[in-house]
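Reading the structure
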Amino acid sequence: MIVKGEHSPGIFKNFSQENRTNRVILSVTLVWEGVMVVHISWLIEKRVLLLDVRGYTAPEELVELDRTICRFLQESGDVPVHLLINDSDTAHLPSLRRFDALTAYEHPNFGWMLIYGIQNALVRYVTEAVGRLMGLRFRIVNSHEHALAALAELDPSLARV
């Protein structure tokens, strides 16, 4: 896996360093041997993460992605962090065997997950079923705009941000 970070002055030069001085990771791009690319960035700093997922998701990649999301959740303080996930360019669902290893959704700062752009009806159905089985607070919507509108309803405090 290759990690590329986009940083402002004073922000980490190496994503793998721990956040010990209140510095904020602005965005990170994870690339797995040209198979999967995930760009993660703050849409609203320390409140809303935007994940742009492209390609095929292998089980081991899903676990690494989960760890990365946990790092963002840890740096947010004590407010809920919501995830907007653009799934319009994902090749298919990852193996369900690795979902039991995921921990980000159990983090105390994990808020709502809004997934948009799923084109395949079967993938959408399975995503709904898995989300419900895992007890996630999530919604599947059609577009980025619908995700933002749903998030505004789910967390009115974001209207003040």
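Every value quoted in this text rests on a predicted model; they were computed, and no experiment measured them. (Residues numbered from 1 in each chain as written. Predicted model: local features only at pLDDT ≥ 70, side-chain atom pairs only at ≥ 80, totals over all residues. Heavy atoms only, no water.)

1. Section: the confidence of the model for the protein chain
Confidence along the protein chain averages 77 in pLDDT terms, with 72% of residues attaining 70 or more. Throughout residues 1-23 the model reports pLDDT below 50, and contacts reaching past four residues in sequence, or to other chains, amount to 37 contacts. (pLDDT = per-residue confidence, 0-100. Contact = heavy atoms within 4.5 Å.)

2. Remarks on the packing of aromatic side chains
One pass over the structure, following the stated rule, counts one aromatic pair. Seen in terms of ring centroids, W42 and F72 are 5.5 Å apart; in terms of plane orientation they differ by 70 degrees. Their pairing is edge-to-face. Here F72 lies in helix α1 (residues 59-74) and W42 lies in strand β3 (residues 36-44), a separation of 30 residues in the sequence. Like F72, W42 is buried. In this structure, R139 packs its charged tip against the face of W112, placed 5.8 Å from the ring centre. (Phe/Tyr/Trp six-rings, centres within 6.5 Å; stacked < 30°, edge-to-face > 60°. Helix = DSSP H or I, 4+ residues; strand = E, 2+ residues; numbered from the N terminus. Buried < 20%, exposed > 50% of the residue type's maximum accessible area, 1.4 Å probe, protein only. Lys NZ or Arg CZ within 6 Å of the ring centre and 35° of its normal.)

3. Some thoughts on the environment of T68
Relative to the assigned elements, T68 resides in helix α1. Under the relative-accessibility criterion, T68 is labelled buried at 0%. Separated by 40 residues in the primary sequence, T68 and V28 place their C-alpha atoms 8.9 Å from one another.

4. Remarks on the environment of S88
Within the fold, S88 resides in strand β5 (residues 81-90). For the pair S88 and G55, spaced 33 residues apart in sequence, the C-alpha separation works out to 9.8 Å. With residues near it in sequence (within four places) discarded, S88 still touches Y116, G117 and Q119. Here N86 takes part through its side chain, which lies 2.7 Å from a polar atom of the side chain of S88. (Polar contact = N/O pair within 3.5 Å; in protein donor to acceptor, adjacent residues only side chain to side chain.)

5. A word on the nonpolar core
One finds I40, L49, L51, L83 and M113 to be the most contacted residues of the largest nonpolar core, which totals 29 residues. Those elements giving two or more residues to this core turn out to be β3, β4 (48-55), α1, β5, β6 (110-116), α2 (121-134) and β7 (138-141). Here this core gets six residues from one element, more than from any other, and that element is α1. One finds L50, W112, L114 and L151 within the second-largest nonpolar core, a separate group that totals 11 residues. (Core = buried A, V, L, I, M, F, W, Y, C linked by side-chain atoms within 4.5 Å.)

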